[in-house]
Amino acid sequence: DGSCGDGVDYSAQVGECAVEPALPSPATPAPPPIPPGSARTPVPLGAGCNTIIDRESCCLHTDGRIEDASYAGQDCVPSKPDVFFNVEHQVVCQPSCFVDGSCGDGVDYSAQVGECAVEPALPSPATPAPPPIPPGSARTPVPLGAGCNTIIDRESCCLHTDGRIEDASYAGQDCV
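Not measured: the values here are computed from a predicted model.

Thresholds applied
- Counting restarts for each chain, with residues numbered from 1 along the sequence as it is written.
- Given that the model is predicted, a residue must reach a pLDDT of at least 70 before its local features are reported, and side-chain atom pairs must reach 80 or more before they are shown or counted; all residues, however, enter totals for whole chains, interfaces and linings.
- Each side-chain value is derived from all of the structure's non-hydrogen atoms; neither hydrogens nor water enter the calculation.
- Between the rings of Phe, Tyr and Trp (Trp by its six-membered ring), a pair exists once the centres lie within 6.5 Å; its type follows the angle of the planes, with under 30 degrees stacked, over 60 edge-to-face, and the other angles tilted.
- Runs of E in the DSSP output that reach at least two residues are strands. Runs of H or I that reach at least four are helices, and both are numbered from the N terminus.
- Buried, partly exposed and exposed residues are distinguished by accessible area as a fraction of the type maximum, computed with a 1.4 Å probe on protein chains only: under 20%, between the cut-offs, and over 50%, respectively.
- Note on terminology: disulfide denotes any pair of cysteine sulfur atoms within 2.5 Å.

Trainee: Could you clarify how one ought to interpret the packing of aromatic side chains in this entry?
Mentor: Centre-to-centre distance and the angle between the planes together describe a pair of aromatic rings. Under the definition given, this model contains 2 aromatic pairs. Summarising the aromatic geometry, the rings of F85 and Y109 are spaced 6.1 Å apart at their centres and angled 85° between planes, so their arrangement reads as edge-to-face. Of this pair, F85 sits in the loop between β3 (76–78) and β4 (93–95) while Y109 sits in the loop between α2 (96–99) and β5 (140–141), and the two are 24 residues apart along the sequence. Accessibility expressed as a relative area gives 11% for Y109, which makes it buried. Relative to Y109, the ring of F98 lies with its centre 5.0 Å away and its plane at 10°, an arrangement referred to as stacked.

As structure tokens, this is what we get:
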């Protein structure tokens, strides 16, 4: 709406979130199995899986690095909830070869691997419009005090609020 940042109103360019993250429930069922025919995309800008800041987005991508063939094209793998592949940097996503120890530091991180609730589906020309955002959603701040502008895909954008704490004009705003 132009009330923060550069003062420009970008509301005409805002897309819709398919769903808002739901508040956790102790009776939440196990995630469904990953369906066949998935379509992961490379992490944009030649970046690696380790730059993805949330587990949900991790499942949507392959490693985008082109300068290192050992990582390039590997499926991105999320860590378990509340577990990090690198605690100091809060890394929640790594390429599959890093996780099994066949690239990177050679350590087997298999015990830290989480699950992908759903795998991205191949696009369909008959895909219906997204449902409305349900009430009672629970967005979380972008980790590490980062801003919405660091999120690299639309799906995880809808899961977060701006995490910047040094600038009150952004802090806590829904990412759109």
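Trainee: Mind showing me how you'd approach unusual backbone geometry here?
Mentor: Note: most peptide bonds trans; most residues except glycine with negative phi. In the Ramachandran plot, L45 falls in the positive-phi region, its phi being about 60° despite a non-glycine side chain. Locating L45 in the fold gives a position in the loop between β1 (41–42) and α1 (55–58). Looking at L45, the relative accessible area reads 89%, which means it is exposed. Positive phi is not limited to glycine here, since Q90 has a value of about 50°. Along the chain, Q90 turns up in the loop between β3 and β4.

Trainee: In this structure, what is going on with the state of the cysteines? I would like to understand it.
Mentor: Covalent bonding between the sulfur atoms of two cysteines defines a disulfide. Under the defined criterion, the tally for this structure stands at 5 disulfides. The disulfide partner of C58 is C93, and the gap between their sulfur atoms is 2.1 Å. Torsion about the S-S bond of the C58 and C93 cystine: about 80°, corresponding to right-handed handedness. Within this pair, whereas C58 is found in helix α1, its partner C93 is found in strand β4, the two being separated by 35 residues in sequence.

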